[in-house]
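# Structure assessment
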Amino acid sequence: MRTLLLIFALANVLFFSWSRGWLDGVTGIPADGEHEPLRVAQQLHPERVQLLGRDAVAALQKTACVELSPAPDNAQTLLTKAGVPPSSYTQRMDAVPGVWAVATIKLVNKEFQTRKEETYKRMHVNFEYLEGHPDETPTMVLSRHPSEKAAEAALNALDLRGLKGLRVLPLQPAGQRASFVFARADGLLQAKLRNLRDPAVAAGLHECLAGSASAATAATTAPAGAAAASSPASGPAAKAG
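Quick look at the structure, then. (Residues numbered from 1 in each chain as written. Predicted model: local features only at pLDDT ≥ 70, side-chain atom pairs only at ≥ 80, totals over all residues. Heavy atoms only, no water.)

### What about a nonpolar patch on the surface?
A contiguous nonpolar patch, built from Met 1, Leu 4, Leu 5 and Ile 7 and spanning about 500 Å² of accessible area, is present on the exposed surface. Counting through the fold element by element, Met 1 comes out in the segment before helix 1 (2-19). Here Met 1 falls in the exposed class, since its relative accessible area comes to 75%. (Patch = residues over 30% accessible without salt bridge, like charges linked within 9 Å, V, L, I, M, F, W, Y side chains within 5 Å. Areas by Shrake-Rupley, 256 points an atom, 1.4 Å probe, with all protein chains shown as cover. Salt bridge = Lys/Arg side-chain N within 4 Å of Asp/Glu carboxyl O. Helix = DSSP H or I, 4+ residues; strand = E, 2+ residues; numbered from the N terminus. Buried < 20%, exposed > 50% of the residue type's maximum accessible area, 1.4 Å probe, protein only.)

### What about the state of the cysteines?
Evaluated as defined, the whole model comprises 1 disulfide. Disulfide pairing is shown between Cys 65 and Cys 208; the S-S distance is 1.9 Å. One disulfide, between Cys 65 and Cys 208, carries an S-S torsion of -75 degrees and so falls in the left-handed class. Taken together, the residues Cys 65 in strand 1 (residues 64-68) and Cys 208 in the loop between strand 8 (205-207) and helix 10 (212-218) connect sequence positions 143 residues apart. (Disulfide = S-S within 2.5 Å.)

### What to know about the sheet that holds strand 4 (residues 128-129)
Across a sheet, paired strands are connected by hydrogen bonds in the backbone, their directions being either parallel or antiparallel. The strand order across the open sheet built from 4 strands is 4-5-3-6, with neighbouring strands paired in antiparallel fashion. The sheet is open, and its two edges are formed by strand 4 and strand 6 (166-172), each paired on a single side. Across the sheet, helix 6 (residues 110-122) touches strand 3 (99-104), strand 4, strand 5 (140-145) and strand 6, and the angle it forms with strand 5 is around 55 degrees. Each of strand 3, strand 5 and strand 6 is contacted by helix 7 (residues 148-160), which is oriented at about 155 degrees to strand 6, the strand it contacts most. (Pairing = 2+ DSSP bridges. Contact = heavy atoms within 4.5 Å. Axes fitted to C-alpha atoms, helices over the stretch in contact; angles between N-to-C directions.)

### A look at the environment of Leu 107
As for its placement among the helices and strands, Leu 107 is situated in the loop between strand 3 and helix 6. Placed 29 residues apart in sequence, Leu 107 and Glu 136 show a C-alpha to C-alpha distance of 8.7 Å. Sequence-distant contacts of Leu 107, defined by excluding residues within four places in its chain, comprise Phe 112, Gln 113, Lys 116, Tyr 129, Pro 138 and Met 140.

### Section: the environment of Ala 151
You can see Ala 151 is positioned in helix 7. When the C-alpha atoms of Ala 151 and Val 99 are compared, they prove to be 9.1 Å apart, with 52 residues separating the residues in sequence. Residue contacts for Ala 151: discarding those within four places in its chain leaves Trp 100, Val 102, His 145 and Val 168.

Honestly, that's just the spatial picture; any functional story needs more than this.
So, in structure tokens, the structure goes:
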């Protein structure tokens, strides 16, 4: 009997000590773990919590078709990290045409460059300086074309006008570009997409073009990483005029 009384008294002492928080470090179970003020102290940015009105809730529930096109190579990784479920979008692969330019040879010095500018201005030939190709800088581009054949024809036409020192320069090979279509994106999903911290995502995010949603539904989802970024070619074509 004395043993039972002793056990009962010891249990009461232990419970009293735990309820006061004296044994939190020993038991690992805080006495106030499910009560205030511990839960209040553990809140992160409570000032950001706002109650939504009926109009705000309706706006969040409203869906729209949103498209990420062109999508960066790491788009699928970014979407996964942001908690965007794969079931909310369809990946579509679009053909990207190549780009060929009629361009000058690389301008070796400032004097040669100035003579070229004066000649083209006198003959009313439009030109721009090539960017994004350090090995070819400075080079002047007179026109851009969707095929090598079209660029060759333009080169021949300029040759007939007496313009020499020109060539066909491949700027971008034909390839494929990935697009992600969110056919029914609600307000929360649209907010997640806008908050993706990547300049390429911000530049490519827009409302769906006509037919994007239906095309995305019919398309077969491409495997992760299938998007092929179109990288510019570094060397000129064999023909130069």
